[in-house]
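Fold and contact review
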There are 2 protein chains.
Amino acid sequence: MALLSKRSAFIYNPILEEDDDAARLERRGIKVTKLNRGDPAYYFPTPKYMIDAYVDALRSGKTYYSDSIGVRELRDAVADRYGRTYRINASPDDVIATAGISEGLAFLNSALIDNGDRAVIFKPYYVQYVSNLMAYGGRPLFGIYDENEGWSIHLDHIRGELRKMKRASRIDRVKYMLITNPNNPTGTVLKRKVLEEVVDIANENGIVLVSDEIYDEIVYNGAKFTSVGQVAKGTPHIILHGASKVFDATGFRMGYMVFPEQDGKSKVIRDKIVDYARMRLSLNTPAEYALAEGISNRKEHDKAIHGMVSHIEKRVNRVTDILEHNDAVSVVRPNGAFYVLPRLKMSKLRIKDDGDFIKRVLQEEHIQITRGSGFGSPGHFRIVALAPEGELEEAVGRIEALLTRYMR
Amino acid sequence: MALLSKRSAFIYNPILEEDDDAARLERRGIKVTKLNRGDPAYYFPTPKYMIDAYVDALRSGKTYYSDSIGVRELRDAVADRYGRTYRINASPDDVIATAGISEGLAFLNSALIDNGDRAVIFKPYYVQYVSNLMAYGGRPLFGIYDENEGWSIHLDHIRGELRKMKRASRIDRVKYMLITNPNNPTGTVLKRKVLEEVVDIANENGIVLVSDEIYDEIVYNGAKFTSVGQVAKGTPHIILHGASKVFDATGFRMGYMVFPEQDGKSKVIRDKIVDYARMRLSLNTPAEYALAEGISNRKEHDKAIHGMVSHIEKRVNRVTDILEHNDAVSVVRPNGAFYVLPRLKMSKLRIKDDGDFIKRVLQEEHIQITRGSGFGSPGHFRIVALAPEGELEEAVGRIEALLTRYMR
């Protein structure tokens, strides 16, 4: 009899898998440059107006349990955000606050997934999508973000996969289709035209659409972001968002789910997720007020986000520029989020695989990055382009030099 | 094909089930007295020294992701707390911070429970124990807190239940035994002698012992609290605790698990729960620093907890006194936590059941309490004795009058 559950085998975070090795180096007095955690607040201070609101909430005694789905002020602010930014008609009751998108995903899978159920996940994927789904007994039905098409969605491929499910009379076991826009780990912003096709696919197959849009305001290099909510009117869909990236407050651990549609499916899912929220009673109450202010104070937010995005744009482009000049990798230039996912040209390199590569980068160059296989994309590696430019440039320069060293 | 998963049927919080009805009354301008939420921070301001530490963390920019298992300062403080208070030898690495005990329970069940596995839960239970277990495919093996023995553990009964499991060769499917001390909803502090027997039972059957001790410093009426860690040396066990009750900071949503033992089982579970923690990246970082200070600053904490407990003692006793004089209920006087769980003498009352009773209390007296059946204890109701004495006395007086009105 095994002590641990079967599902436990799926619980593992490749982004942090080198933490123990990195700590060992640090104990030997070696400085490790961490380009693995997508944590803007580590590099850009969380805007003061949000900290002020947080402190106000604390000083005025808002340290009790809040409404399980979030304080009204936060849900009002979120509903208003979607109304004014995207003309998405959501009421405060269509918003459920969660402890980051992590909790939102857990609620979603727990609410929808029985053993053997499927969810459409596109590769490369953010790690939790698959592990969390599988922990609840689900199996991914993989779609493809196509590297040859700038990591956009391979529409024919997923259409084909769903056709197969339909023919096998198993289409109603496909519980949701999850897209990430802008994308982690590819840094791609999906085009409106592509989103429209995704909505068509969801409709044709009666699948609930879920869009992780946590990076929605971190868009650059001329790209334009479209929310699923703008093109999915009438289609059951859920938007995941939160404080971590756009509001530069990872350590608040604050997210939310938006259910803009009033159809039967959306309402059933929303009502059950209220039960899930009630089960864990409350979120961190003062952080809810801080995020409410983060969203509502548009003037301060616009200033903060524009400053941050202009830095991110420079940093992502600098990383791309440096690596572009190396023959052993190819890289699609990102236009959203703050990740770069270069491909290792394995035939040109004396390394075994991407896992081997990131270990060498850590041991020889003392830089922590993440293997692409952790995102379902072997032969790639992910760099977080958030460190200050000098530090980032120097580190990526050393990765580039290592690549040259290992060329055949 | 059902839209929702089967496990979703178990996700439901009876403590909050009248929230919508209460809100309806409030919209009609009626004041509802809420004696259903065990939220001390709603009535007693969270101590200022903890708020100050929280503000310091915010002002000094600690708003990025923390170490997934908690910042070192918090884990140091927790380890020290257990060393000095209970002589439990835990290192900071034996501590994993969680988003309240709710998350600790979810980690535990997710890590240990496969379909059909069992966990020993004693009735009456805190609601999440059973729903969370069942959501992960587990089934409770019910023990009994015996009302006739002051809600202490019915040791012979659970010995018998486990003997049956052994005979059926299914004892290794019993993954853990969970006790709550001091207890929610009964308000009982377990005697050291009883705990020693519980440890023997765990040892005889090779079952990991889990003790929810969230109320450990809220003890009165002459009772003395013993931690499982004081009597379980050599037995694999896990202690659950956190900021919510003893540190009067429910809205921080901050808890922790302590793994004091170094045996193989404890280590395997601890290591896997580290993976679970890494999967959701981080907790609310500044709240971790606030709790670290909450624990470390013993002088301020002692002052705060003594003040709060002396109020709670008076309030719990007052509720008990009032109800004791009514022939339609019987009540065991609590000596820990802040709940009172009276038994309705159904034969003397013109009411259908405890659910019917609490509905009448809400509709006729505008007081929100919780039905005992929500804790696996039909025919009882739970009162949270935290409201200011005047308000509490007045409300419980009205419940008592309602009881008299409904007497046969």
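Reading the values: rules and limits
- Residues numbered from 1 in each chain as written.
- Chains lettered and ligands numbered in written order.
- Predicted model: local features only at pLDDT ≥ 70, side-chain atom pairs only at ≥ 80, totals over all residues.
- Heavy atoms only, no water.
- Helix = DSSP H or I, 4+ residues; strand = E, 2+ residues; numbered from the N terminus.
- Rg over C-alpha atoms; globule rule 2.2 N^0.38 Å.
- Buried < 20%, exposed > 50% of the residue type's maximum accessible area, 1.4 Å probe, protein only.
- Contact = heavy atoms within 4.5 Å.
- Areas by Shrake-Rupley, 256 points an atom, 1.4 Å probe, with all protein chains shown as cover.
- Lys, Arg positive; Asp, Glu negative; His and termini not counted.
- Charge placed at Lys NZ, Arg CZ, Asp CG, Glu CD.
- Buried area = accessible area lost by both parts, 1.4 Å probe.
- Salt bridge = Lys/Arg side-chain N within 4 Å of Asp/Glu carboxyl O.
- Polar contact = N/O pair within 3.5 Å; in protein donor to acceptor, adjacent residues only side chain to side chain.
- Nonpolar A, V, L, I, M, F, W, Y, C, P; charged D, E, K, R; others polar.
- Least-squares fit on C-alpha atoms with pLDDT ≥ 70 in both.
- Pairing = 2+ DSSP bridges.
- Axes fitted to C-alpha atoms, helices over the stretch in contact; angles between N-to-C directions.
- Phe/Tyr/Trp six-rings, centres within 6.5 Å; stacked < 30°, edge-to-face > 60°.
- Lys NZ or Arg CZ within 6 Å of the ring centre and 35° of its normal.
- Domains from an automatic or database assignment.
- Core = buried A, V, L, I, M, F, W, Y, C linked by side-chain atoms within 4.5 Å.
- Expected span 1.5 Å × (residues − 1).

**Re the overall build of chain A**
Of the regular secondary structure elements, chain A holds 14 helices and 15 strands. Here the C-alpha atoms of chain A give a radius of gyration of 21 Å, agreeing with the 22 Å that 2.2 N^0.38 yields for 408 residues. The burial tally for chain A puts 65% of its 408 residues in the buried class. When contacts within chain A are restricted to residue pairs at least 6 apart in sequence, long-range pairs at least 24 apart make up 75% of them. Split by element, the accessible area of chain A, about 14200 Å² in all, is 49% carbon and sulfur. Taken together, the 59 basic and 55 acidic charged side chains of chain A have centroids lying 3 Å from each other.

**Topic: the interface of chain B and chain A**
By a widely used convention, the size of an interface equals the accessible area lost when the partners come together. Taken together, the contacts link 71 residues of chain B with 71 residues of chain A. Here chain B meets chain A over a buried area of about 6200 Å², counting both sides, of which 56% is carbon and sulfur. Contact with chain A buries area across many residues of chain B, yet Leu3, Tyr65 and Met279 of chain B alone supply 13% of it, more than any other trio. Linking chain B with chain A are six salt bridges. A salt bridge links lysine 6 of chain B to aspartate 114 of chain A; the shortest N-O distance between them is 3.9 Å. Inspection of the region where chain B meets chain A yields 57 residue pairs in polar contact (both at pLDDT 80 or more). Counting only elements with at least two residues in the side of chain B that touches chain A, the list comes to helix H1 (19–27), helix H2 (40–43), helix H3 (48–59), helix H5 (100–112), helix H6 (127–135), helix H10 (264–279) and helix H11 (285–296) of chain B. Split by residue class, the side of chain B that touches chain A holds 31 nonpolar, 20 polar and 20 charged.

**Some thoughts on the environment of valine 32 of chain B**
Residues and elements named next belong to chain B. Relative to the assigned elements, valine 32 resides in the loop between H1 and strand E1 (33–34). Judged by its relative accessible area of 7%, valine 32 is buried. Along the chain, valine 32 and glutamate 300 lie 268 residues apart, while their C-alpha atoms are 34 Å from each other. Beyond its immediate sequence surroundings of up to four residues, valine 32 is in contact with Ala22, Leu25, Glu26, Leu362, His366 and Gln368.

**Regarding the relation of the copies chain B and chain A**
Mapping chain B onto chain A calls for a rotation angle of 180° and an axial translation of 0.0 Å; the resulting RMSD is 0.0 Å. Read as a symmetry element, the transformation amounts to a two-fold axis. If distances are taken from each C-alpha of chain B to the rotation axis, the shortest is found for valine 55 of chain B, at 3.0 Å. An overlap of 100% is found between the interface residues of chain B and their copies at the interface of chain A, pointing to a shared contact surface.

**Examining the sheet that holds strand E9 (residues 255–258) of chain A**
All names here are of chain A. Spatially, the eight strands line up as an open sheet ordered E2-E9-E8-E7-E6-E3-E4-E5, and their pairing is mixed. Each edge of the open sheet carries a strand with a single partner, namely strand E2 (95–98) and strand E5 (152–153). The sheet strands contacting helix H5 (residues 100–112) are E2, strand E6 (174–180), strand E7 (208–212), strand E8 (237–242) and E9, and the helix crosses E6 at an angle near 160°. Strands in contact with helix H7 (residues 155–167) are strand E3 (118–123), strand E4 (139–146), E5 and E6; relative to E4, the strand with the most contacts, it is inclined by about 155°.

**Quick notes on the packing of aromatic side chains**
A complete count under the given rule lists 30 aromatic pairs over all chains for this structure. On the numbers, 4.9 Å between centres and 50° between planes, the contact of phenylalanine 338 of chain A with tyrosine 339 of chain A is tilted. Using a relative accessible area of 0% as the deciding quantity, one classes phenylalanine 338 of chain A as buried. A relative accessible area of 1% places tyrosine 339 of chain A in the buried class. Taking 5.3 Å as the distance between ring centres and 40° as the angle between the ring planes, the aromatic pair formed by phenylalanine 122 of chain B and tyrosine 145 of chain B counts as tilted. Of this pair, phenylalanine 122 of chain B sits in strand E3 (residues 118–123) while tyrosine 145 of chain B sits in strand E4 (residues 139–146), and the two are 23 residues apart along the sequence. Grouping residues by exposure puts phenylalanine 122 of chain B and tyrosine 145 of chain B together as buried. One aromatic cluster is present, built from ring pairs that chain together Tyr54 and Phe252 of chain A together with Tyr54 and Phe252 of chain B. If you follow lysine 62 of chain A out to its NZ or CZ, it ends over the ring of tyrosine 289 of chain A, 5.0 Å from the centre. In this structure, lysine 123 of chain B packs its charged tip against the face of phenylalanine 142 of chain B, placed 4.3 Å from the ring centre.

**Structural notes on the domain arrangement of chain A**
Residue and element names in this part refer to chain A. Taken domain by domain, chain A consists of domain 1 (6–45 + 301–405) and domain 2 (48–297). The centre of domain 1, based on its C-alpha atoms, is set 25 Å off from the matching centre of domain 2. Facing 38 residues of domain 1, the contacting portion of domain 2 comprises 36 residues. Buried area between domain 1 and domain 2, summed over both chains or domains, comes out near 3100 Å², and the portion from carbon and sulfur atoms is 57%. Counting the contacts that link domain 1 with domain 2 gives one salt bridge. Across the pair arginine 343 and glutamate 147 runs a salt bridge, and its minimum N-O distance is 3.9 Å. Listed by contribution, the elements that provide at least two residues to the side of domain 1 that touches domain 2 are helix H2 (40–43), helix H12 (298–324) and strand E11 (339–340).

**Things to note about the pattern of salt bridges**
Opposite charge on two side chains lets them pair, provided their charged atoms get close. All told, the structure shown has 68 salt bridges over all chains when counted by the stated rule. The residue arginine 280 of chain B makes a salt bridge to glutamate 103 of chain B at a minimum N-O spacing of 3.0 Å. Separated by 177 residues along the polypeptide, arginine 280 of chain B in the loop between H10 and H11 and glutamate 103 of chain B in helix H5 bring together distant segments of the chain. Members of the salt-bridge network, linked through shared partners, are Glu364, Glu365, Glu394, Arg398 and Arg405 of chain A.

**Regarding the nonpolar core**
The biggest cluster of nonpolar side chains holds 238 residues, and the ones touching the most others in it are Phe357 of chain A together with Phe357 of chain B. Ignoring any residue separated from it by four or fewer positions in sequence, one finds phenylalanine 357 of chain A in contact with Leu344, Ile351, Ile369, Phe381, Ile399, Leu402 and Leu403 of chain A.

**Details of helix H4 (residues 72–86) of chain A**
Residues and elements named next belong to chain A. For H4, built from 15 residues, the straight-helix expectation of 21 Å at 1.5 Å per residue is met to within 8% by its first-to-last C-alpha distance of 21 Å. Among the residues of H4, those classed as buried are Leu74, Arg75, Ala77, Val78, Ala79, Arg81, Tyr82 and Tyr86. Looking at the packing, one finds that the buried side of H4 touches E2, helix H9 (228–231), E8, E9 and helix H11 (285–296). Two residues or fewer past H4, arginine 87 is found with a positive phi of approximately 55°.

**Observations regarding the pairing of strand E9 (residues 255–258) of chain B**
Residue and element names in this part refer to chain B. Neither face of E9 is exposed, since Gly255 and Met257 on one face and Tyr256 and Val258 on the opposite face are all buried. In this structure, strand E2 (residues 95–98) lies alongside E9, joined through four bridges in antiparallel fashion. Bridge pairing in E9 links valine 95 to valine 258. Where strand E8 (residues 237–242) meets E9, four bridges bridge the pair, whose relative direction is antiparallel. Bridging from a neighbouring strand, isoleucine 239 pairs with valine 258 of E9.

**Observations regarding the sheet that holds strand E14 (residues 370–371) of chain B**
Residues and elements named next belong to chain B. The strand order across the open sheet formed by three strands is E11-E15-E14, and the pairing between neighbours is antiparallel. The open sheet is flanked by strand E11 (339–340) and E14, the only strands paired with a single partner. Pairing geometry for E11 and strand E15 (residues 381–384), over two bridges, is antiparallel. Residue pairing for E15: tyrosine 339 is matched across the bridge by valine 384.

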